[in-house]
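Here are the chains, one letter per residue:
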Amino acid sequence: MKITRLSCLVAWAFPLLVSAATEHALRIAVWDTGVAVQEEYFAPHRVTNAGELVDGRAVPNGIDDDRNGFIDDLHGLVLDDDRSREVSDPTFPHGSQVASVAVAGLPWLGLVPIRQGSILRPGQEPGKTLFRPVTTADRAAASDKALLVAAFLRAWRVRLVNISFGSAWEDKLRESLDPSEDGRRLAAEHYALERQYYAGIIDASPGVLFVVAAGNDRKDLAAFPCLPQVLERPNLLVVGGLAYVPSLRQGIVLSNFGPSVNLWAPYLGIPCWDPVSRKPVTRVGTSFSAPLVARMAAQLWHALPGLRAEEVARALLDSRPFSRSEKEADLEKALELARRDAGS
C-alpha cells in the first residue's frame, strides 16, 4: 500500500461516501466523553461485541454476558459504574467530534468508544466536596481496573487509543476545596492514584499505541504536570498544537509544552463531524490535534501491520510529519523510516 502526502485539513473525506467495511483491518479506541456510534456517520466503523448479543440483537440487558468484567460492552466501554451503559452522551459531543477526525476516510478502521469515568469519587460533606483519604484497597482496586481495561483492549483487538483529555495536578487542588496542608496531601494522594491507574493501563498494553492531547493551557507540563501526558513510555505519544506561519516557515506553539510533548500537529481549524447538528464543523485545540496523529499512525500500521507500537511511534517522531506546513502531513518519510525500522 502506497501512502503519499495528504492534506489532512483540506481533502476531507466523509465515511458515508465509502462502503462499510465488513472486517476492520485495524481498531482504534477513542477514550473520551463517548461516541455516537449509533449515527449513520460512524456506521462503517462501528464494532459489535458478539459476546454481548441477546438472541442475536445488540440490546443492553444489564448483564456481563461475555464475563469480561464489563456490563453491556456492546459497541465499546463505559468506565463509570453508575452511568448509563450507552457509549454515547448526547450532552457532550466532544468525543464524537474527536472520533470523526481519527476515522475520516478510513473505512477499514474500526472504532471502539471508551467513555471516561472517575477512578475514585470524592467523599461528600454538606456544602462542599472533599477528597477522602486513599486507602490500600483503593490502590488495589485501581490496579485491578487498569488490568481490566488493558484486557478489554486486547479482547477487542485495539491497536490505537486516542486520549483527548487530561487530569492536572492543579485540578486536583481545586477539586479538594481545602487549602490546608491536609487538603494538599489528599489531592496528592488522588493524583498519585490516577498516575498509578493510567500507568498500569499503558504498561499492561505494550502492543497498543496511546496518542494523547497535550492540553490547551499553554503551560509547561514539567511545572504543571498532567496525566497521562507526563508518563514517559515508548508506546505513548503526546501531541502539542501549532499554528503554522508561512512567512516565518515555522509554527507557533499554542498548547501545553515541555519535555513530555514529543510531537506537534495543527491546532486551528480542524474539520470534524458534529453529532448534534449532523454537519461538518471546525474545532481548535489539541483534542483535535491528537486524532490527526492517531489517524496517521493508523495508516502506517495499515501499510505495515507487523510493526510494533513503539516502531510506529518512532517513525512518526523521527519523520515529524507536520514539519513542512500546517495543512499537509508528509507520510512518505514516516513510512520509509518504519520499513527500515522493521527491517523490511
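The text that follows walks through the structure, step by step, so that each part is easy to find.

Conventions and cut-offs
- Residues numbered from 1 in each chain as written.
- Predicted model: local features only at pLDDT ≥ 70, side-chain atom pairs only at ≥ 80, totals over all residues.
- Heavy atoms only, no water.
- Axes fitted to C-alpha atoms, helices over the stretch in contact; angles between N-to-C directions.
- Helix = DSSP H or I, 4+ residues; strand = E, 2+ residues; numbered from the N terminus.
- Parallel < 35°, antiparallel > 145°, perpendicular 65-115°, else oblique.
- Left-handed = near helix turned anticlockwise from the far one by under 90°.
- Contact = heavy atoms within 4.5 Å.
- Nonpolar A, V, L, I, M, F, W, Y, C, P; charged D, E, K, R; others polar.
- Phe/Tyr/Trp six-rings, centres within 6.5 Å; stacked < 30°, edge-to-face > 60°.
- Buried < 20%, exposed > 50% of the residue type's maximum accessible area, 1.4 Å probe, protein only.
- Lys NZ or Arg CZ within 6 Å of the ring centre and 35° of its normal.

**Quick look at the packing of helix α6 (residues 309-319) against helix α7 (residues 332-342)**
And step 1. Two elements in contact, α6 and α7, have axes separated by 8 Å at closest approach and are oriented at 135 degrees. In terms of axis orientation, α6 runs oblique to α7. Pair α6 / α7 crosses with right-handed handedness. Here E311, R314, A315, L316, D318 and S319 of α6 come into contact with α7, specifically with K333, A334, L337, A338, D341 and A342.
And step 2. Residues of the contact of α6 with α7, tallied by class, amount to 6 nonpolar, 1 polar and 5 charged.

**Observations regarding the packing of aromatic side chains**
And step 1. For the coordinates displayed, the defined rule picks out 8 aromatic pairs.
And step 2. Look at W31 and F165: their rings are 5.9 Å apart centre to centre, the planes differ by 70 degrees, and that puts the pair in the edge-to-face class. Of this pair, W31 sits in strand β2 (residues 26-32) while F165 sits in the loop between β7 (160-163) and β8 (167-168), and the two are 134 residues apart along the sequence.
And step 3. With a relative accessible area of 1%, W31 lands in the buried category.
And step 4. Considering the side-chain rings of W31 and Y198, the 5.9 Å spacing of their centres and the 55 degrees angle between planes classify their relative orientation as tilted. Here Y198 lies in helix α4 (residues 181-203) and W31 lies in strand β2, a separation of 167 residues in the sequence. As far as the burial class goes, W31 and Y198 line up, both buried.
And step 5. An aromatic cluster is present here, built from W31, F165, Y197 and Y198 joined pairwise through their rings.
And step 6. In this structure, K219 packs its charged tip against the face of F224, placed 4.9 Å from the ring centre.

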